Every structure is written in C-alpha cells, then in structure tokens.
Amino acid sequence: FYKAGTAAPTKVCISAPPSYGKSYSMSLLAQSYEHSVVHGCSGDMDEWSTLLGSCQPAKEGGFITVDGLLVEAVRSAANGKSTLLFLDEVFRMGDQTMEAMLSFLAPQPDASGKLAYSITTKQNEDGVLEKLQCSVDMLHIVCATNLCEVQPPAAFLDRFLFKHVRYEKSMVSQIAKSVADRYEIADADKLAASFATAMGESRVMHSTGQVLKSLSVRDLERGCQHAATASALSVAEWIKSNGMDAMLTWSADTGDITEDSISGVKKIGDKLVRLVSAV
C-alpha cells in the first residue's frame, strides 16, 4: 500500500502484540519518504492542539502561531514532498481527537477531481484562517496499535484497513533471532527458539492473571545488552535473574508481591535457561 509519491488512498492500521517491531518497521518505511512525521497518541487533553497547532510565546516577545504535527504533515505534502504520517498507539488517541480526525481521514475530490486531504489550520491572514489541501498521493498515513482495553468508535475503525498480526511462535523466534544476531550472540538459533517457547508460556500466564505481563522481545534485547558474555546461556541467565520483575503482580492492599506470580515467573525463567542449556 505504501510507496512514496504514489497513490495510497487506503490507510492501514497494524496491530500486533508489544515488541513485535511495529514502530521500528515504520521508521524503516519512513526512510523512503522525503519527510516523515510521528505522533505518539496519548489521549492527553491537549492532543488536538499538538496535532493542529497553537499559539506559543516568541523569543522576541509576543506570540506566534505554530503548526501542529498533523498540519506539518499536510503542509509538507502540499509543498510537493512525499510525506509519511505515522500515528503510533492510535487506540490511545482521545475521544475528542478521534472525532476531530474523522472528517480529515476521509479525503474528498479537489477541483481537479483527485482525492485530497483538507485541514483548516491556526495560521491566519487578516483574520481568515488558512485552509490547507494536499493530494493523497503525497501524504500517506499509517497507524499502529497494541490491542488493549480501549475500543475505538466504529466510525474511526472504518477509516482504516486493519491488519492484525497474530502471535505465532515461529514469528517470535525469527524476531528473537534477528535481535540475538544484532548483538552477535552465540547459539542465536537456540536462544531464539527457547525464548519464543518461554514467551508463549508467559502469555498463557498473563491471560489467567498469574503474571502482570508476558515476556517481550524488549526483555530479550536487554538480556543481550547486559549479559556477562555473548552466549545464549548467559543471556538466558541474565533475563531470569534480572529481567523479569516487571512480570510480577502485587497486592493492592499491602504492596507485597504475590506468591503465585513469583512461582509463575520462576517457572518461566527456569524453563528458558533449561531449554537453552539442553544439548
């Protein structure tokens, strides 16, 4: 769907479990564009101002009107630059911002009959607000999200072609191997396969509430960064000893770590080390 400077009226939203490389993939895609803009959706009360623009104090005194990230992207495309707008964690976008985005995300034919995005900015001349328009050929929009407790309105979902990347052990193993190879870890294949198995079991425990979160590829990367040696066993042992506290649950009343989560995390860590150690 995405090739810089060509028609892309379809906007894709990629969903996948955490640490699958969504944002990293978008950074690679952005390299093929003349300009790229990233907005990390937050649900903040000022989020629409971040996208549209606002008045800011000027160094020399007084105030100036500055473009928001959305206007920056449209202006870039209107000036003839192939532009990629990446909305990260789009399900976190606030309700009011989502509503404001609905009309923008539905491009309409311009005077020549070509689809174009339109937006009214905060810039003005003689009290008349500026209206910007750019071709869908020049502005490409892509989103990414984790599937979480937030369920956006149907009208917002309808603006995107959703592609849900489902958990697969083989895929996790491939991603894990690429991380291990980047850090030149010996026995990367064994580490990757073992980590994928441990991650799968942690996902089951997370779904039952035994652990607060499942293992992620970021946990593996930290292990590769901090392990005593560049070996699969050293990485696994570091993860087991140092990298799994975020998975523990606690009592809201006492703040004490729950025994059930301690046993679950220990089981996962033990299995990771055992699998890597196996001949």
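Predicted model, so just to flag it, every value in this text is computed and none were measured.

**Q** Looking at this structure, I do not really get the packing of aromatic side chains. What am I missing?
**A** Where two aromatic rings form a pair, the distance of their centres and the angle of their planes describe that pair. Going through the model one piece at a time under the given rule, you end up with four aromatic pairs. Ring centres 6.0 Å apart and planes at 45° place the aromatic pair Phe-91 and Phe-162 in the tilted group. In this pair, Phe-91 is assigned in the loop between β5 (83-88) and α4 (95-104) and Phe-162 in strand β10 (residues 161-164), connecting sequence segments 71 residues apart. What makes Phe-91 buried here is its relative accessible area of 7%. With centroids separated by 5.4 Å and ring planes inclined at 55°, the aromatic side chains of Phe-156 and Phe-160 adopt a geometry described as tilted. Judged by relative accessible area, Phe-160 falls into the buried class, the value being 9%. Grouped by ring-pair contacts, the aromatic residues Phe-91, Phe-156, Phe-160 and Phe-162 constitute a single cluster.

**Q** Where do I start with the nonpolar core in this structure?
**A** Within soluble globular proteins, side chains that are nonpolar generally end up buried alongside one another. Counting residues in hydrophobic clusters, the biggest one holds 35 residues, and the most contacted among them are Leu-191, Phe-195, Leu-215, Leu-220, Val-235 and Ile-239. Only α6 (169-182), α7 (188-208), α8 (217-226), α9 (232-242) and α10 (259-277) provide two or more residues apiece to this core. Element by element, the count of residues in this core is highest for α7, at eight residues. Setting aside chain neighbours within four positions, we find Leu-191 in contact with Ala-180, Ile-185, Leu-220, Ala-232, Val-235 and Val-276. Counting 31 residues, the second largest nonpolar core, distinct from the first, contains Tyr-117, Cys-134, Cys-143 and Phe-156.

**Q** Help me understand the sheet that holds strand β8 (residues 128-135), please; the structure alone is not making it clear to me.
**A** Sheet strands pair via backbone hydrogen bonds, and the direction of the pair is either parallel or antiparallel. Pairing is antiparallel in the open sheet, where three strands are placed in the order β6-β7-β8. Single-partner strands in this sheet number two, and they are β6 (108-109) and β8. The pairing of β6 with strand β7 (residues 115-125) spans two bridges and is classified as antiparallel. Looking at the pairing, Pro-109 lines up with Leu-115 of β7.

**Q** For this particular structure, what's the right way to read the sheet that holds strand β9 (residues 139-145)?
**A** Reading across from one edge, β2-β5-β9-β1-β10 is the order of the five strands in this open sheet, with parallel pairing throughout. Each edge of the open sheet carries a strand with a single partner, namely β2 (35-40) and β10. Along the sheet, successive strands turn relative to each other by an average axial angle of 20°, direction set aside. Strand direction decides the pairing type here: strand β1 (residues 12-15) and β10, joined by four bridges, are parallel.

**Q** Quick question: what am I supposed to make of the pairing of strand β4 (residues 63-67) here?
**A** Every other side chain in a regular strand lies on the same face of the sheet, so the side chains alternate between the two faces. Sheet topology note: the strand β3 (residues 53-57)/β4 ladder contains five bridges and is antiparallel. Bridging from a neighbouring strand, Ser-54 pairs with Val-66 of β4.

**Q** Please clarify how the pattern of salt bridges should be interpreted in this entry.
**A** Where side chains of opposite charge bring their charged atoms close, a pairing between them can arise. The final tally for this structure, using the stated rule, is eleven salt bridges. Across the salt bridge formed by Asp-137 and Lys-114, the nearest N and O atoms sit 3.1 Å from each other. One end of the pair, Asp-137, is in the loop between β8 and β9; the other, Lys-114, is in the loop between β6 and β7, and 23 residues separate them in sequence. Residue Asp-137 is classed as buried on the basis of its relative accessible area, which comes to 17%. Owing to a relative accessible area of 43%, Lys-114 belongs among the partly exposed residues under this scheme. Two residues, Arg-222 and Asp-219, come together in a salt bridge whose shortest N-O distance is 2.9 Å. Here Arg-222 and its partner Asp-219 are both found in helix α8, three residues apart, which amounts to about one turn of the helix. Overall, Asp-219 belongs to the buried group, its relative accessible area being 4%. Each of Asp-67, Arg-75 and Glu-130 takes part in one network of salt bridges that share partners.

**Q** Any chance you could explain the environment of Thr-258 here in plain terms?
**A** Positionally, Thr-258 belongs in the loop between α9 and α10. A relative accessible area of 24% means that Thr-258 is categorised as partly exposed. Placed 108 residues apart in sequence, Thr-258 and Val-150 show a C-alpha to C-alpha distance of 27 Å. Here Thr-258 is in contact with Thr-249, Trp-250 and Ser-251, once residues within four sequence places are set aside.

Rules and cut-offs
The numbering scheme is per chain: residues are counted from 1 as the chain's sequence reads. In view of the model being predicted, local features appear only for residues whose pLDDT reaches at least 70, and side-chain atom pairs are presented and counted only at 80 or more, with totals across whole chains, interfaces and linings using the full set of residues. By convention in this description, side-chain values take in all heavy atoms of the structure and omit both hydrogens and water. For Phe, Tyr and Trp, where Trp contributes only its six-membered ring, two rings pair if their centres lie within 6.5 Å, and the inter-plane angle classes them as stacked under 30 degrees, edge-to-face over 60, or tilted in between. Elements are defined by DSSP. Helices are runs of H or I of four residues or more, strands are runs of E of two residues or more, and each kind is numbered from the N terminus. For every residue, the accessible area (1.4 Å probe, protein chains only) is compared with the maximum for its type, and the residue is labelled buried under 20%, exposed over 50%, or partly exposed between those bounds. Only buried residues count toward a nonpolar core, which is a set of Ala, Val, Leu, Ile, Met, Phe, Trp, Tyr and Cys residues joined through side-chain atoms within 4.5 Å. Two residues qualify as a contact provided that any one of their heavy atoms is within 4.5 Å of a heavy atom in the partner residue. At least two bridges found by DSSP between two strands are what make those strands a pair. Angles shown run from 0 to 180 degrees and are taken between the N-to-C directions of axes, each axis being a line fitted to C-alpha atoms and, for helices, limited to the stretch in contact. Basic side-chain nitrogens of Lys or Arg form a salt bridge, by our definition, when they fall within 4 Å of a carboxyl oxygen of Asp or Glu.

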